[in-house]
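# A structural walkthrough
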Amino acid sequence: MTKNIAVIRGDGIGPEIVDQALKVLDKIAELYRHTFNYTDVDMGGCAIDKWGDPLPEEMLQKCVESDSVLLGAVGGNKWNDVPGHMRPEKGLLRLRAGMGVYSNNRPAKIWPQLSDASPLKKSIVDQGIDFIIVRELIGGIYFGEHKTEEVDGVPTAVDILSYDEKEIERIGRIGFETARKRNKKLCSVEKSNVLDSSRLWKKVMHRLAEEYPDVELSDMLVDNCAMQIVKNPAQFDVVVTENMFGDILSDEASMITGSIGMIPSSSLGATTCGLYEPIHGSAPDIAGQDIANPVGTILSAAMMLRYSFDMAAEADAIEKAVSDYLDAGYRTADIMSKGMKKVGCSECGEIITGMIRK
Ligand code: NAD
C-alpha cells in the first residue's frame with residue numbers, strides 16, 4: 001500500500017521525537033512492503049519564524065491532501081509575547097478546523113513494566129488498564145454562546161451547551177467503530193439525569209447501537225465515570241463522551257498512567273485522514289538534548305496505521321516492539337528507575353525499530 005503522510009516536526013522536542021517515529025514507519029514499510037511518502041509541513045513557532053504565520057494556507061493544504069498527519073508538538077517561550085492570533089497553538093487549532101476533525105481519541109494504558117509510575121494502588125493497576133476516551137472536539141459548551149451581562153444589577157455569566165442529533169451521531173459512530181477495532185465494549189458517558197443535551201445524546205447512542213450489534217453499549221453518568229476511572233479502570237474499553245466531559249476525563253485518565261511521554265492520540269473526522277500526535281507539549285526545558293521520550297509519538301504512528309490505514313498487524317508489531325523495549329529494561333530519563341538502562345531519544349528510536357518483527 002502507498003500512503004502519503006504529512007509530517008509536522010514543530011518546535012522544542014518535536015523534531016527529535018518525530019524522527020524516531022519515522023524510523024519506525026520506515027521499518028514497517030520495509031517489512032510489510034508498503035510505501036510511505038513524507039511531506040514536510042511547517043507549523044507552530046518554526047512557521048512563524050519562517051513564514052510569519054503559524055500555519056500558512058499552503059501548509060494546511062498539504063495536510064488536507066495527505067492520507068494522514070503526524071505531528072510532534074508546537075510552542076515555546078520564544079513565541080510567548082506574539083499577538084494571540086499569531087501564537088503557535090493557533091496553528092494547531094486551524095489545522096484541526098481545516099482537517100474537520102471532530103473527535104479526539106486518547107488511550108489510557110498502563111504498561112505493566114511501568115506500573116510503579118501510576119499513582120493508583122498496585123491492586124488496581126494489576127487488573128490491567130487499557131482503554132480509549134473518544135471525546136467530541138468541536139461542539140458543546142466550548143463552542144456555544146458565551147456572555148456576561150448585568151441581570152437585575154447582578155453580573156451574570158451564561159455559557160450555552162448545545163448538541164444536535166447529527167453532531168452526536170457522527171461522534172457516536174467513531175465510538176462504535178473504535179470499539180469494533182478493540183474489545184467491542186462502548187461506554188457512553190453523559191449527565192442524562194440533569195441535562196437535555198445528555199438525554200438526546202443517550203437516545204442517539206442507543207439508536208446507533210442497533211447498527212452495531214457486535215458492540216456492547218453501556219451508559220454511565222459523568223460523575224460516576226470520574227470515580228470509576230480511579231476505582232475500577234479495568235472495566236473500560238472505549239468511552240465516548242461530549243467535549244467538556246471528555247476534556248476533564250481524558251486528563252484524569254492520562255494522569256493515572258503516570259508517564260506523559262508515553263501517551264499517543266488521534267483526532268478524526270468524516271474521512272480516514274487523521275491527525276496523530278503525542279498528548280504532551282513541546283517540552284522546551286529538555287529540547288535539543290536528545291533525552292525526550294519518543295514513545296508517545298511512535299505509538300501515535302501505530303494509531304495512524306490502525307485507525308487510518310487499516311494496518312492492524314503493523315500497528316500490533318510496533319506496540320509489541322515498545323513492550324519488548326520496556327521488558328529489556330530500557331528507559332528514557334522521564335521514566336528511569338533503579339536497575340534500568342538509561343537511553344536517549346534517538347537510541348530509544350533505534351532500539352524499538354530494531355525490535356520490530358513481522
Ligand atoms: P509539556 O507537555 O511540553 O511539558 C510538561 C513536562 O513534561 C515538562 O517537564 C517536560 O519536560 C515533560 N515532558 C513532556 N513531554 C515529554 C517527553 N516526550 N519526554 C520527556 N519529558 C516530557 O507542557 P508545557 O511545559 O506546559 O508546554 C510547553 C509548550 O508546549 C508550551 O508552549 C505549550 O503551549 C505547548 N503545548 C503544545 C501542545 C501541542 O503541540 N499539542 C500541547 C500542550 C502544550
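Keep in mind that this is a model prediction, so the values were computed, not measured. For every chain, the first residue of its written sequence is number 1, and the numbers climb from 1 along that sequence. Local features in this predicted model are restricted to residues whose pLDDT is 70 or higher, and side-chain atom pairs enter the listing and the counts only when it is 80 or higher, whereas totals over whole chains, interfaces and linings include all residues. With hydrogens and water stripped out, all remaining heavy atoms of the structure feed into the side-chain values.

Secondary structure assignment for the protein chain yields twelve helices and 14 strands. For the radius of gyration, the atoms used are the C-alpha atoms, and the globule rule reads 2.2 Å times the number of residues raised to 0.38. Computed over the C-alpha atoms, the radius of gyration of the protein chain is 21 Å, within 12% of the 21 Å expected from 2.2 N^0.38 for a compact globule of 358 residues. Here the C-alpha coordinates of the protein chain stretch approximately 65 × 50 × 40 Å along the principal axes. For the protein chain, the residues scored as buried account for 53% of the 358 residues in total. Should any heavy atoms of two residues lie within 4.5 Å, those residues are considered in contact. For the protein chain, contacts bridging at least 24 residues in sequence account for 76% of all contacts bridging at least 6. Each helix is a run of H or I in the DSSP string that is no shorter than four residues. Each strand is a run of E no shorter than two, and both are numbered from the N terminus. Throughout this description, buried means an accessible area under 20% of the type-specific maximum (1.4 Å probe, protein chains only), exposed means over 50%, and partly exposed covers the range between.

What we call a nonpolar core is a set of buried Ala, Val, Leu, Ile, Met, Phe, Trp, Tyr and Cys residues that are connected through their side-chain atoms within 4.5 Å. By size, the foremost hydrophobic cluster in this structure holds 61 residues, and its most contacted members are Phe 36, Leu 70, Phe 176, Leu 305 and Ile 352. With nine residues, helix H10 (residues 295–308) is the largest single contributor of residues to this core. Counting the residues that make up this core, at least three belong to each of domain 1 (1–111 + 257–358) and domain 2 (119–242). When residues no more than four places from it in sequence are discounted, the contact partners of Phe 36 are Lys 3, Ile 5, Leu 25, Ile 28, Ala 29, Leu 305, Phe 309 and Met 311. Where each domain begins and ends follows an automated or database-derived domain assignment.

Taken domain by domain, the protein chain holds domain 1 (1–111 + 257–358) and domain 2 (119–242). On a C-alpha basis, the centroid separation for the pair domain 1 and domain 2 is 26 Å. Residue-level contacts link 18 residues of domain 1 with 17 residues of domain 2. A 1.4 Å probe defines the accessible area here, and the buried area is the portion of it lost by two parts on being joined, summed over both. When the two sides are added together, the surface that domain 1 and domain 2 hide from each other amounts to roughly 1600 Å², 62% of it contributed by carbon and sulfur. We count a salt bridge whenever a side-chain nitrogen from Lys or Arg sits within 4 Å of a carboxyl oxygen from Asp or Glu. Summed over the shared surface of domain 1 and domain 2, the number is zero salt bridges. The definition of a polar contact used here is a pair of N or O atoms within 3.5 Å, where within protein one atom must be able to donate a hydrogen and the other to accept one, and adjacent residues in sequence count solely through side-chain atom pairs. In this structure, the connection of domain 1 to domain 2 is made through five residue pairs in polar contact (both at pLDDT 80 or more). It is strand E4 (residues 103–109) that provides the largest number of residues to the side of domain 1 that touches domain 2, a total of seven residues. Partitioning the side of domain 1 that touches domain 2 into residue classes produces eight nonpolar, five polar and five charged. When residue character is reported, Ala, Val, Leu, Ile, Met, Phe, Trp, Tyr, Cys and Pro are called nonpolar, Asp, Glu, Lys and Arg charged, and the others, Gly included, polar.

As a further point, take the site of the ligand. We call a residue near a molecule or strand as soon as one heavy atom of that residue lies within 4 Å of the molecule or strand. The ligand sits among 20 residues. The nearest are Val 74, Glu 89, Gly 281, Ala 283 and Asn 293. Separating an oxygen atom of the ligand from a backbone N or O atom of Val 74 is a distance of 2.9 Å. Within the contact set of the ligand, an oxygen atom lies 3.0 Å away from a backbone nitrogen or oxygen of Ser 282. The accessible surface values rely on the Shrake-Rupley method and a 1.4 Å probe; as for residues, cover is taken only from the protein chains in view. When the ligand is considered free in solution it has 810 Å² of accessible area, and contact with the protein chains removes 67% of it. Residues that form the shell around the ligand fall into these classes: nine nonpolar, seven polar and four charged.

Another point: the packing of aromatic side chains. Two rings belonging to Phe, Tyr or Trp (six-membered ring only in the last case) form a pair when the distance between their centres is within 6.5 Å. Interplanar angles under 30 degrees mark stacking, angles over 60 mark edge-to-face geometry, and anything in between is tilted. Tallied over the full model, the rule gives five aromatic pairs. Considering the side-chain rings of Tyr 325 and Tyr 330, the 5.9 Å spacing of their centres and the 20° angle between planes classify their relative orientation as stacked. Counting as a charge over the ring demands two things of the Lys NZ or Arg CZ atom: a distance within 6 Å of the ring centre and an angle within 35 degrees of the ring normal. Cation over ring: Lys 109 sits above Trp 111, and NZ or CZ is 4.2 Å from the ring centre. Above the plane of the ring of Tyr 32 lies Lys 358, whose end atom (NZ or CZ) is 5.2 Å from the centre.

Let us look at the side chain of Ser 254. Note that Ser 254 resides in helix H9 (residues 243–257). Judged by relative accessible area, Ser 254 falls into the buried class, the value being 14%. When sequence neighbours within four positions are dropped, the list of residues in contact with Ser 254 reads Arg 106, Ile 263 and Ile 279.

What follows is about the environment of Asp 251. Along the chain, the position of Asp 251 falls in helix H9. Taking the C-alpha atoms as reference points, Asp 251 and Ile 279, separated by 28 residues in sequence, lie 9.7 Å from one another.

Right, let's talk about the pairing of strand E1 (residues 2–10) for a bit. Pairing of E1 with strand E2 (residues 35–40), which is carried by six bridges, proceeds in the parallel orientation. Bridge pairing links Thr 2 to Thr 35 in E2. Taking the sense of rotation as the criterion, the β-α-β connection linking E1, helix H1 (residues 14–32) and E2 turns out right-handed. Both E1 and strand E3 (residues 68–73) contribute to a ladder of five bridges, which runs parallel. Residue Ala 6 lies in a different strand from E3, and its bridge partner there is Val 69. For two strands to pair, DSSP has to find at least two bridges joining them. For crossovers, right-handed means that the path from the first strand over the helix to the second runs clockwise, given strands pointing away from the viewer.

Bringing helix H12 (residues 345–355) into the picture now. Regarding H12, the residues found buried are Cys 345, Cys 348, Gly 349, Ile 351, Ile 352 and Thr 353. Structurally, H12 contributes buried residues whose contacts are with H1, H10, helix H11 (312–327) and strand E13 (330–331).

Now for the sheet that holds strand E9 (residues 216–221). Strand order in the open sheet formed by ten strands is E2-E1-E3-E12-E11-E4-E5-E10-E8-E9, and the pairing between neighbours is mixed. Of all the strands in the sheet, the pair left with one neighbour each is E2 and E9. Sheet twist, expressed as the average angle between the axes of neighbouring strands with direction ignored, equals 25°. The pairing of E4 with strand E11 (residues 264–268) spans three bridges and is antiparallel. Paired with Ser 103 across the strands is Leu 268, a residue of E11. Strands E1, E3 and strand E12 (275–278) of the sheet are contacted by helix H4 (residues 88–99), whose axis makes an angle of about 150° with E12. Under this scheme, a helix contributes an axis fitted over its contacting stretch, all axes are lines through C-alpha atoms, and angles between N-to-C directions fall in the 0 to 180 degree range.

So, about the state of the cysteines. Throughout, a disulfide means two cysteine sulfur atoms within 2.5 Å of one another. Going through the model one piece at a time under the given rule, you end up with zero disulfides. Free cysteine: Cys 63, not disulfide-bonded; nearest cysteine sulfur from Cys 273 at 7.9 Å. Residue Cys 63 is classed as buried on the basis of its relative accessible area, which comes to 0%.

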